[in-house]
Amino acid sequence: MLVESLNTDYDLVIAGGGLVGGSFALLLNALPGHQHLRILLVDSSTLSIETTFTGRPYDARSTALSWGSRLIFESAGLWNDLEPGLEAIRDIHVSDKGHVGAARLNSDAMNVDALGYVAENTHLNHVITGALMDSAHISVCAPASIVKVKPVQGGVLLMVESGTQAMTQVSSRLLVIADGGRSSLCEQLGITLTRKPYGQHALISNISFEKPHQSCAFERFTDTGPLAVLPLPDLDGEHRAALVWTLEDAQVAQIMALPDAAFLAALQQRFGYRLGRLTRVGERVLYPLNLTLADEQIRPGVVLLGNVAHTLHPVAGQGLNLALRDARELADIISDAAVSGTPELIGDYQWLQRYVQRQQRDQRQTVFFSDQVTRLFSNNNPLLALGRNIGLMGMDLIPPAKQWFSRQAMGMTDRRIDG
Ligand SMILES: Cc1cc2nc3c(=O)[nH]c(=O)nc-3n(C[C@H](O)[C@H](O)[C@H](O)COP(=O)(O)OP(=O)(O)OC[C@H]3O[C@@H](n4cnc5c(N)ncnc54)[C@H](O)[C@@H]3O)c2cc1C
């Protein structure tokens, strides 16, 4: 529910209503006890839902959602609205250019409808924002920014700047910081980040192929670094896919400068002809790649969620999926405190440590998976190339290895989805 005026006291304030902050609010909203909490979500953007899904621009940006994220969106009550706009991933083909090793992961083998889904970001945002606005229990203040945070006994004091109310002071037992990769709030709190540059950029673009993708996603390791091709819905009869191509910093200028035809030829040479000829490339956008981890994820009265807590290499498609699992655990812990009639616990450091303990294994494994696998496959050392080819062949032949890789890709590393 969009609000114009703010109260002076909340139990929970969420800074940032992006994919992570918004999903977290809705996950909590679907759990018992939420109605005992006064919840405010603040976002600097308009969070406009007028961006109704009125058609797909060719260049729409997209995100790969794991099967595990589907289960999380189901529990937040969002899945029925999300599903019609998604493209299923039923197969994942992993290969290494110039080598025979390859592995194919398949949804039938895992007894699921799909290994994951590709969602256009406008569609995801539209569904999440729509649900936030419809919620009777989450107060949404946007556009507005939290410009100051000060830890105090029993929580935090915040200054919220909005167009309608200029500056308002608000107190909260807990502040969930979900304000993305460049967090001014963490800076104010003196929470430092450890950043490891990959020396690479991700080149993102939508591309078209001669043949339909048949719901297959491709992960291919090339001389420039790994590239991912994700299936998108056809548009005006064109077979569209989303490209995430990792390039060494030194190669970026040259590849970006290529005219479209030469760019497609360079990509085709690396990707091969599995989907026939490449026929089109849309706008090309670059992202510098770093692994960034916050040195602390909790403080008394404060939790970090999403990109502010961990920003991963995008080629493995794990960043949002991991953040959704974090969001679900945090929502559970807050719900437990509310149900037991002790809302004062939600900002308590010892209580928040439960969240860290529950998620640290998943976070470590996922960071390791996306970091080490990407580094291994970005390396042209012939011995490493041989090793990873043996690994890919082995993975295709050894069912437990294949199951392990499939489960990582499906976001099923955590205890609850494991059953
Ligand atoms: C090229 C690329 C491809 C990717 N592909 C995948 C993929 O396939 N699968 C996957 O799982 N992940 C993927 N990711 C990662 C995924 O995009 C991120 O994990 C996700 O977007 C993080 O969302 P967030 O909500 O943490 O941050 P953001 O989306 O940055 O949201 C932050 C929000 O906070 C608001 N805000 C900022 N400051 C304030 C303030 N002071 N007060 C109030 N509001 C504030 C902003 O307006 C914004 O809405 C990819 C990332 C990139 C770069």
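Once a new chain begins, its residue numbering starts again from 1 and follows that chain's sequence as written. Reporting in this predicted model follows two pLDDT cut-offs: at least 70 for local features of residues, and 80 or more for side-chain atom pairs to be given and counted; totals over whole chains, interfaces and linings ignore these cut-offs and use all residues. In computing side-chain values, all of the structure's heavy atoms are included and hydrogens and water are not.

**Q** Hey, could you run me through the packing of helix α1 (residues 19-29) against helix α8 (residues 319-339) in this one?
**A** When two helices pack together, their arrangement is given by the angle between the helix axes and by the axis-to-axis distance. Fitted lines through C-alpha atoms serve as axes, helices being fitted only where they are in contact, and the angles separating the N-to-C directions of these axes extend from 0 to 180 degrees. Only DSSP runs of H or I reaching four residues or more are called helices, and only runs of E reaching two or more are called strands; each is numbered from the N terminus. Running from N to C, α1 and α8 cross one another at 35°; their axes reach a closest spacing of 9 Å. The two elements α1 and α8 cross, and the hand of that crossing is right-handed. Residues Leu-19, Val-20, Ser-23, Phe-24, Leu-27 and Leu-28 of α1 lie in contact with α8, whose contacting residues are Leu-320, Ala-323, Leu-324, Ala-327, Arg-328, Leu-330, Ala-331, Ile-334 and Ser-335. Side-chain classes are defined by residue name, with Ala, Val, Leu, Ile, Met, Phe, Trp, Tyr, Cys and Pro counting as nonpolar, Asp, Glu, Lys and Arg as charged, and the others, Gly among them, as polar. In terms of residue class, the contact of α1 with α8 is built from twelve nonpolar, two polar and one charged. For a crossing to be left-handed, the near helix must be turned anticlockwise from the far one by less than a right angle; the clockwise case is right-handed. Every residue pair with non-hydrogen atoms within 4.5 Å of one another is taken to be in contact.

**Q** Just checking my understanding: could you explain unusual backbone geometry for this structure?
**A** In terms of backbone geometry, most residues other than glycine have negative phi values and most peptide bonds are trans. The residue after Ala-142, namely Pro-143, is reached through a cis peptide bond having omega -5°. Not every positive phi belongs to a glycine, and Gln-214 is a case in point at roughly 55°. With respect to the helices and strands, the residue Gln-214 is situated in the loop between β12 (193-209) and β13 (216-222). With a phi close to 45°, Asp-236 is a non-glycine residue in the positive phi region.

**Q** Looking at this structure, I do not really get the packing of aromatic side chains. What am I missing?
**A** Centre distance and the angle of the planes are the two values used to describe a pair of aromatic rings. The criterion for an aromatic pair is that two Phe, Tyr or Trp rings (for Trp, the six-membered ring) have centres within 6.5 Å, with stacked assigned to planes under 30 degrees apart, edge-to-face to planes over 60 apart and tilted to the rest. Tallying each qualifying case throughout the model produces four aromatic pairs. With a centroid separation of 5.2 Å and an interplanar angle of 85°, the aromatic rings of Phe-218 and Phe-271 are classed as edge-to-face. Residue Phe-218 is found in strand β13, and its partner Phe-271 is found in helix α7 (residues 260-271); the two are separated by 53 residues along the sequence. Exposure remark for Phe-271: the relative accessible area of 2% places this residue in the buried category. Three or more aromatic residues link up through ring pairs in this structure, and these residues are Phe-209, Phe-218 and Phe-271. Here Arg-274 stacks its cationic end above the ring of Phe-271, 5.9 Å away from the centre of that ring. As a reminder, the over-ring test applies to NZ of lysine and CZ of arginine, requiring each to be within 6 Å of the ring centre and within 35 degrees of the ring normal. The lysine or arginine in question, Arg-284, covers the ring of Phe-263, its NZ or CZ lying 4.3 Å from the ring centre. Any residue under 20% of the maximum accessible area for its type is buried, any over 50% is exposed, and the rest in between are partly exposed; the area is computed with a 1.4 Å probe on protein chains only.

**Q** I would appreciate a short explanation of the pairing of strand β3 (residues 62-66) in the present structure.
**A** Both faces of the sheet carry side chains from a regular strand, because those side chains alternate between them. Here β3 lies mainly inside the structure; four of its five residues are buried. Any two strands are treated as partners once DSSP identifies two or more bridges connecting them. Relative to strand β7 (residues 116-120), β3 runs antiparallel, the two sharing five bridges. When the sheet's bridge partners are listed, Ala-64 is paired in β7 with Val-118.

**Q** What am I meant to see in the sheet that holds strand β4 (residues 87-89) here?
**A** One key point about sheets: their strands pair by backbone hydrogen bonds, in either a parallel or an antiparallel sense. Spatially, the three strands line up as an open sheet ordered β3-β7-β4, and their pairing is antiparallel. Edge positions in the open sheet fall to β3 and β4, since each of these has one partner strand only. In this sheet, adjacent strand axes meet at a mean angle of 30° when their direction is disregarded. Running at roughly 85° to β7, helix α4 (residues 121-134) makes contact with β3 and β7 of the sheet.

**Q** I would appreciate a short explanation of the pattern of salt bridges in the present structure.
**A** Think of it this way: side chains of opposite charge can pair up when their charged atoms draw near. Salt bridges, as used here, are contacts in which a Lys or Arg side-chain nitrogen is within 4 Å of a carboxyl oxygen on Asp or Glu. Inspection of every chain in the model, using the stated rule, returns 15 salt bridges. With its nearest N and O atoms 3.6 Å apart, the salt bridge here joins Lys-196 to Asp-371. Taken as a pair, Lys-196 in strand β12 and Asp-371 in helix α9 (residues 349-377) lie far apart in primary sequence, 175 residues in all. Among the residues examined, Lys-196 registers a relative accessible area of 36% and is labelled partly exposed.

In short, the description is geometric, and any link to function would need to be established separately.
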